[in-house]
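Examination of the molecular architecture
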Amino acid sequence: MNTKWVEDELKVIKEKGLYRQLKTIETPPEPRIKIRGKELLLLSSNNYLGLASDDRLIQSATEVLQSFGVGSGGARLTTGNTIWHDQLEKRVATFKKAESALLFSSGYLANVGVLSSVAGEGDVILSDELNHASIVDGCRLSKAKTIIYHHKSMNDLEEKLRMTSVFKKKFIVTDGVFSMDGDLAPLPEIVALARKYNAYVIMDDAHGTGVLGEHGRGTAEHFNLEHEIDLVIGTFSKAVGTEGAYVAGKEVWIQYLRNKARSFIFQTAMAPSIAAATITSIDIIEQNQQLRQHLLRLGKMLRKQLKLLGFRVDDGITPIIPVIIGEAKLAVEFAKELEEQGIFAPAIRPPTVPIGQCRIRISLMASHTEEQIGEVIEVFQRVGQSLGVIQ
Ligand SMILES: *Cc1c(COP(=O)(O)O)cnc(C)c1O
């Protein structure tokens, strides 16, 4: 078959500076990693609390690996459901202060499965313009009318809610913490508008879980709104340090989703060992405030210093610190220079972020030290000056 169109398409991607390639890491996601034998400071992992290679998680996983084997062998509704899955669902429900919870194999599948089964023809979904791609895809699959509101603009959201009285059900869907900007959804205002216009609120707390709130329960705990969100979705692949995902909410929602969400029904259950490690991780997250405090303190330090150097960095409280560079090629050049000088933080380009807002997305881990933050500041200053990004 003729593949010229494929080659042509790849050429276009390359000309725009948007060609993507894999980088292969030879070590666990800890502050010092190795790529092709070269040691680098990892500054772009979602392993926010450093739990992905924590000994306690490894031990839980190993024990269950030995007693239950590697694969689950089936979907939850057929033969894949074990005591570890049931136990993890219960643990997530108490952690999230919800009646019930349902596991998915990934956050992507959770968003797609939840949105496509709760919203349908004749319904409307109001979605923040910077919501994660998996929310966008869930909206598309749902067949509901999707209306995008300006990022965090409550005036725009209200204006759009006002025009939606013809729809049967209304949903507002938002990230809790926005993945590429590290800013928080204005949850109190969203909840108030939802009540006023009779809409459900669905929040994806991928980056808030484990990081925000006194007990790490996430964005809803941060705002003291844990009982006000209809459905909270989240992944275990970030601060929790494992993989898989959940949705938490009222028992009826969970029963409904168990029967309707196709990405739940037709997906093999997560590995029992991973479920066990996830339970251990949630226990650690709830009990260890110091991990979070250290992480957030490092974030504050780094934001302040980068701003002082003249970089475009917004105020914020999360460990996600985007440094806006601008055009794709310059951002790629910046990332390449960082790597030359010992820091691994890739450039983020369209379609992940808007055109002209390419960035280095820094994400910190609780396993980073203050000395390492000092190292980051020095390297950013050198690279920023040599490429003319700062004076
Ligand atoms: C990472 C992420 C997801 C996807 O989660 P996976 O478990 O990696 O599939 C979904 N939503 C948001 C906001 C994310 O950042």
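Residues numbered from 1 in each chain as written. Predicted model: local features only at pLDDT ≥ 70, side-chain atom pairs only at ≥ 80, totals over all residues. Heavy atoms only, no water.

The next thing to look at is the domain arrangement of the protein chain. Split by domain assignment, the protein chain resolves into domain 1 (16–45 + 289–386) and domain 2 (55–287). Each of domain 1 and domain 2 was reduced to a C-alpha centroid, and the two centroids are 27 Å apart. Of the roughly 1300 Å² buried between domain 1 and domain 2, counting both surfaces, carbon and sulfur atoms make up 59%. Counting across the domain 1 and domain 2 interface gives 1 salt bridge. We note a salt bridge from Arg359 to Asp181, for which the minimum N-O separation is 3.2 Å. Here domain 1 and domain 2 share 8 residue pairs in polar contact (both at pLDDT 80 or more) between them. Per-element tally for the side of domain 1 that touches domain 2: the top contributor is helix α13 (residues 289–309), with 7 residues. (Domains from an automatic or database assignment. Buried area = accessible area lost by both parts, 1.4 Å probe. Salt bridge = Lys/Arg side-chain N within 4 Å of Asp/Glu carboxyl O. Polar contact = N/O pair within 3.5 Å; in protein donor to acceptor, adjacent residues only side chain to side chain. Helix = DSSP H or I, 4+ residues; strand = E, 2+ residues; numbered from the N terminus.)

Take the pairing of strand β3 (residues 100–104) next. Among the 5 residues of β3, 5 are classified as buried, and the element is accordingly described as predominantly covered. Along β3, one buried face is formed by Ser100, Leu102 and Phe104 and the opposite face, lined by Ala101 and Leu103, is buried too. Across 5 bridges, β3 lies against strand β9 (residues 245–249) in antiparallel orientation. Paired with Phe104 across the strands is Ala245, a residue of β9. (Buried < 20%, exposed > 50% of the residue type's maximum accessible area, 1.4 Å probe, protein only. Pairing = 2+ DSSP bridges.)

A few words now on the packing of helix α14 (residues 328–340) against helix α15 (residues 370–386). At a minimum axis distance of 10 Å, the contact between α14 and α15 shows a crossing angle of 135°. Of the possible angle classes, the one that applies to α14 and α15 is oblique. Judged by the twist between their axes, the crossing of α14 over α15 is right-handed. Residue-level inspection shows Phe334, Glu337 and Leu338 of α14 in contact with α15, the latter providing Val379, Phe380, Val383 and Gly384. (Axes fitted to C-alpha atoms, helices over the stretch in contact; angles between N-to-C directions. Parallel < 35°, antiparallel > 145°, perpendicular 65-115°, else oblique. Left-handed = near helix turned anticlockwise from the far one by under 90°. Contact = heavy atoms within 4.5 Å.)

Next up on the list: the site of the ligand. Around the ligand lies a shell of 14 residues, among which Gly107, Asp204, His207, Thr235 and Lys238 are the nearest. Contact distances for the ligand include 3.4 Å between a nitrogen atom and a side-chain N or O atom of His132. In this structure, His207 approaches the ligand through a side-chain N or O atom, which is 2.5 Å from an oxygen atom. In isolation the ligand exposes 380 Å². Once the protein is present, 85% of that is buried. With 3 residues, helix α5 (residues 107–118) is the largest single contributor of residues to the shell around the ligand. (Near = heavy atom within 4 Å. Areas by Shrake-Rupley, 256 points an atom, 1.4 Å probe, with all protein chains shown as cover.)

Here 7 strands make up an open sheet; going across it, the order is β3-β9-β8-β7-β6-β4-β5 and the pairing mixed. The sheet is open, and its two borders are formed by β3 and β5 (145–149), each paired with just one other strand. On average, each strand axis in the sheet is inclined to that of its neighbour by 20°, with strand direction left out of account. Sitting on the sheet, helix α7 (residues 154–162) touches β4 (124–128), β5 and β6 (170–175), and the angle it makes with β5 is about 150°. Docked against the sheet, helix α8 (residues 187–197) engages β5, β6 and β7 (200–204), running at close to 175° with respect to β6.

Bringing the pattern of salt bridges into the picture now. This model, assessed by the stated rule, comprises 19 salt bridges. Lys4 serves as the salt-bridge partner of Asp8, at 2.8 Å between the closest nitrogen and oxygen. Taken together, the positions of Asp8 and Lys4, both in helix α1 (residues 4–15) and 4 residues apart, correspond to about one turn of that helix. Its relative accessible area of 48% is what places Lys4 among the partly exposed residues. Shared partners join several salt bridges into a network, and the residues in it are Arg76, Asp86 and Glu89.

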